[in-house]
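Chain residues, written in single-letter form:
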Amino acid sequence: MRIAVAGFMHESNTFSGTPTTLQQFQEGSLQYGADLIPVWKDAHHEVGGFLVGAEENGFEAVPVLMASATPSGPVTTEAYEKIVGDIMEGLRKAGPLDGLLLALHGAMVTEAHTSGDGETMERLRKALGPDFPIVLSLDLHANVSPRMVELPTATVIYRTYPHIDQRYRGRECASLIARTVRGKIRPVQAMCKPPLLLHIVQQYTGSGPTAEIMAEVERVAQTPWILSVSFAPAFYYADVPDMGPAVVVVADGDAGRAGAEAQRLSDFVWARREALTAKLPGPAEAVREAAAHPGTVSLMDCGDNIGGGGPGDSTFLLAEILKQGVRDCLVVLYDPEAVQACIRAGVRETVRLEVGGKTDDRHGKPVPIEGQVRMISDGKYMEPEPRHGGKRFWDMGPTSVVETKEGHLIVLNSLREAPMSLHQILCLGIRPETRKIMTAKGATAPRAAYEPVSTKVIPVDTPGVTAAGPEQFTYHRRPKPLYPLDR
Ligand SMILES: [Zn+2]
């Protein structure tokens, strides 16, 4: 049995003005054929799960292509057509195949397609034929569209946020496809979309209403005739017709029962709609609260969530920290210009810089800082543990650390890399316990890395392209009604 393995993953923020080009995939991750194995085999990612799942289920994995880029604006037509074209060509050249394990994100938007992933599924189904087994894995933030459920043989979605079960889900996909090809199961699936949105911080699966929903998903998944169950809370930083959460039930042979169970779970979600909303403190209140709390407090910069398409250079929290005179904080900013200035000045030299706030006018102004260049690094680090996103090898580009006279450590980097791994700062010799406040550009995902070294984590309602609640955006293409936007 020979099963192809391919991935093409991007979460596209339609409120971001930064298009996602081929270069961003090259800077992110883009491997062809066997080259993807050393990058992904040991990663806590579904592609790692596909590869190890092949061994567990006794089939040959045929690696085709894996592409992923840091979330940003919609993918350009050039980048989309190149990558999807290369996947098709790789499949044609792969020799005889019995199936495909495919990792898509589920919230990709391209210049031409509001559901890039639906388009990809359609092209693949057309090329491979109606009966060819395709098991699709999606991110928990997928905006699941009908084509992502009607066209694959089975669809499996992560169940954790921060996403720490990705490798396990990949292994689940491998088991499903092996049993399908061997004729042991006949997957059929159904989707139901509850008409609501879950506030980004309420999508946390560690506690609260979404933890309750996922416990129910886990319970239902044990039912003998059910093969897999998923709940995707969706990605509301995309103004697209398929935006919104989804329940997906994969049953063995009985589509009617799958549909009824999807509806029941959707009602279970709907019943919790009020608990799924939230109101967060603004920067002034959050910095005050953090300063008064003992130990190291992490502030989540929700409006500049790099993992959701934020630019990574928002300065609202830095400006507020300086204004309130809190000492010994940590701020990481994407600012390639400032990195180059530090490199020109050299280690131990004093620099005066205007940092951050350079991508656009929605994420604060550049902030003047003065301090000593403490380190210059190539910005590469490795994360061996399961962390959100599942990547093993990370690269934030040339990076400098500036220590200001207020004792702040300002980390400046050259590639937008989301704060999912604590090794992003540990690799620079920064010890979390010496920091009063650490800021992380995310909402919920950085918790897996930052919670263990913080006495408290406070999500902050900062402005930006990933501002915390959906009520902060103007939508033109989203479905209606969706609670709480439409009462
Ligand atoms: Zn996600």
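Residues numbered from 1 in each chain as written. Predicted model: local features only at pLDDT ≥ 70, side-chain atom pairs only at ≥ 80, totals over all residues. Heavy atoms only, no water.

(A) Main features of the packing of helix α10 (residues 283-292) against helix α11 (residues 316-324). In the contact formed by α10 and α11, the axes pass within 10 Å of each other and the chain directions differ by 55 degrees. The angle between the axes of α10 and α11 places the two elements in the oblique class. In the crossing of α10 with α11, the sense of the turn from one axis to the other is right-handed. In this structure, α10 contributes Pro-283, Ala-284, Val-287 and Arg-288 to the contact, and α11 contributes Leu-317, Glu-320, Ile-321 and Gln-324. Looking at the contact of α10 with α11, its residues break down into 5 nonpolar, 1 polar and 2 charged. (Axes fitted to C-alpha atoms, helices over the stretch in contact; angles between N-to-C directions. Helix = DSSP H or I, 4+ residues; strand = E, 2+ residues; numbered from the N terminus. Parallel < 35°, antiparallel > 145°, perpendicular 65-115°, else oblique. Left-handed = near helix turned anticlockwise from the far one by under 90°. Contact = heavy atoms within 4.5 Å. Nonpolar A, V, L, I, M, F, W, Y, C, P; charged D, E, K, R; others polar.)

(B) Examining the nonpolar core more closely. Judged by nonpolar contacts, the single largest core of 94 residues is most densely connected at Val-47 and Leu-101. Both domain 1 (2-276) and domain 2 (283-468) contribute no fewer than three residues apiece to this core. When near neighbours in sequence (up to four residues on either side) are disregarded, Leu-101 contacts Ile-3, Ala-4, Val-5, Ala-6, Phe-50, Phe-59, Val-135, Cys-173, Ala-174 and Ile-177. Counting residues in hydrophobic clusters, the runner-up holds 39 residues, among them Ala-67, Tyr-80, Leu-124 and Ala-232. (Core = buried A, V, L, I, M, F, W, Y, C linked by side-chain atoms within 4.5 Å. Buried < 20%, exposed > 50% of the residue type's maximum accessible area, 1.4 Å probe, protein only. Domains from an automatic or database assignment.)

(C) Local environment of the coordination of the zinc ion. Each protein donor to the zinc ion is listed here as Asp-139 (OD), His-141 (ND1) and His-163 (NE2); together their distances run 2.1 Å. The sequence motif formed by the donor residues of the zinc ion is D-x1-H-x21-H. Placement of Asp-139 in the loop between β5 (134-138) and α6 (147-150) and of His-163 in the loop between β6 (154-157) and α7 (166-181) is noted, with a sequence separation of 24 residues between them. Exposure remark for Asp-139: the relative accessible area of 7% places this residue in the buried category. Judged by its relative accessible area of 1%, His-163 falls in the buried class. (Donors = N, O, S within 2.8 Å, 3.2 Å for Na, K, Ca; no water.)

(D) Looking closely at unusual backbone geometry. Pro-162 follows Tyr-161 through a cis peptide bond whose omega is 0 degrees. Tracing the backbone shows Pro-162 in the loop between β6 and α7. At the junction of Tyr-483 and Pro-484, the peptide bond is cis and its omega measures out at 5 degrees in the coordinates. Summarising the element assignment, Pro-484 is placed in the segment after β19 (456-460).

(E) Region of the structure containing helix α12 (residues 336-345). For α12, every residue scored as buried is listed here: Ala-338, Val-339, Ala-341 and Cys-342. All buried residues of α12 project into a common sector of 160 degrees when viewed along the axis, lining one side. Opposite its buried face, α12 presents the exposed residues Glu-337 and Arg-344, each directed more than 90 degrees away. The first or second residue beyond α12 is Gly-346, which carries a positive phi of 95 degrees. (Arc of directions from axis to C-beta.)

(F) Spotlight on a nonpolar patch on the surface. A contiguous nonpolar patch, built from Ile-343, Val-347 and Ile-376 and spanning about 200 Å² of accessible area, is present on the exposed surface. Mapped onto the fold, Val-347 is located in the loop between α12 and β12 (350-355). (Patch = residues over 30% accessible without salt bridge, like charges linked within 9 Å, V, L, I, M, F, W, Y side chains within 5 Å. Areas by Shrake-Rupley, 256 points an atom, 1.4 Å probe, with all protein chains shown as cover. Salt bridge = Lys/Arg side-chain N within 4 Å of Asp/Glu carboxyl O.)

(G) A look at α11. Buried within α11 we find Leu-317, Leu-318, Glu-320 and Ile-321. All buried residues of α11 project into a common sector of 165 degrees when viewed along the axis, lining one side. Immediately beyond the C-terminal end of α11, within one or two residues, lies Gly-325, with a positive phi of roughly 70 degrees.

(H) Summary view of the sheet that holds strand β7 (residues 187-192). Strand order in this open sheet of 3 strands is β7-β9-β8, and the pairing throughout is antiparallel. Unpaired on one side and paired on the other, β7 and β8 (226-232) mark the two borders of the sheet. Across the sheet, the mean angle separating the axes of adjacent strands is 15 degrees when strand polarity is ignored. Pairing analysis gives 6 bridges linking β7 to strand β9 (residues 246-252), with the strands arranged antiparallel. (Pairing = 2+ DSSP bridges.)

(I) Molecular detail of the domain arrangement of the protein. Segmenting the protein into domains produces domain 1 (2-276) and domain 2 (283-468). Placing a centre on the C-alpha atoms of domain 1 and another on those of domain 2 gives a separation of 30 Å. A combined buried area of about 2300 Å² lies between domain 1 and domain 2, and 56% of that area is made up of carbon and sulfur atoms. Considering only the side of domain 1, the residues that lose the most area to domain 2 are His-44, Thr-70 and Tyr-237, jointly responsible for 21% of the buried surface there. Connecting domain 1 to domain 2 are 0 salt bridges. Our enumeration of links across domain 1 and domain 2 arrives at 16 residue pairs in polar contact (both at pLDDT 80 or more). By residue number, the principal contributor to the side of domain 1 that touches domain 2 is helix α2 (residues 36-40), which donates 3 residues. Here the side of domain 1 that touches domain 2 is built from residues that sort into 15 nonpolar, 11 polar and 3 charged. (Buried area = accessible area lost by both parts, 1.4 Å probe. Polar contact = N/O pair within 3.5 Å; in protein donor to acceptor, adjacent residues only side chain to side chain.)

(J) A look at the pattern of salt bridges. With the rule as written, the count across this model stands at 29 salt bridges. Taking the shortest distance from any N to any O, the salt bridge between Arg-219 and Glu-216 comes out at 2.8 Å. Of this pair, Arg-219 and Glu-216 are both found in helix α8 (residues 209-221), 3 residues apart, which corresponds to roughly one turn of the helix. When salt bridges that share partners are traced, they join Glu-81, Glu-119, Glu-122, Arg-123 and Arg-147 into one network.

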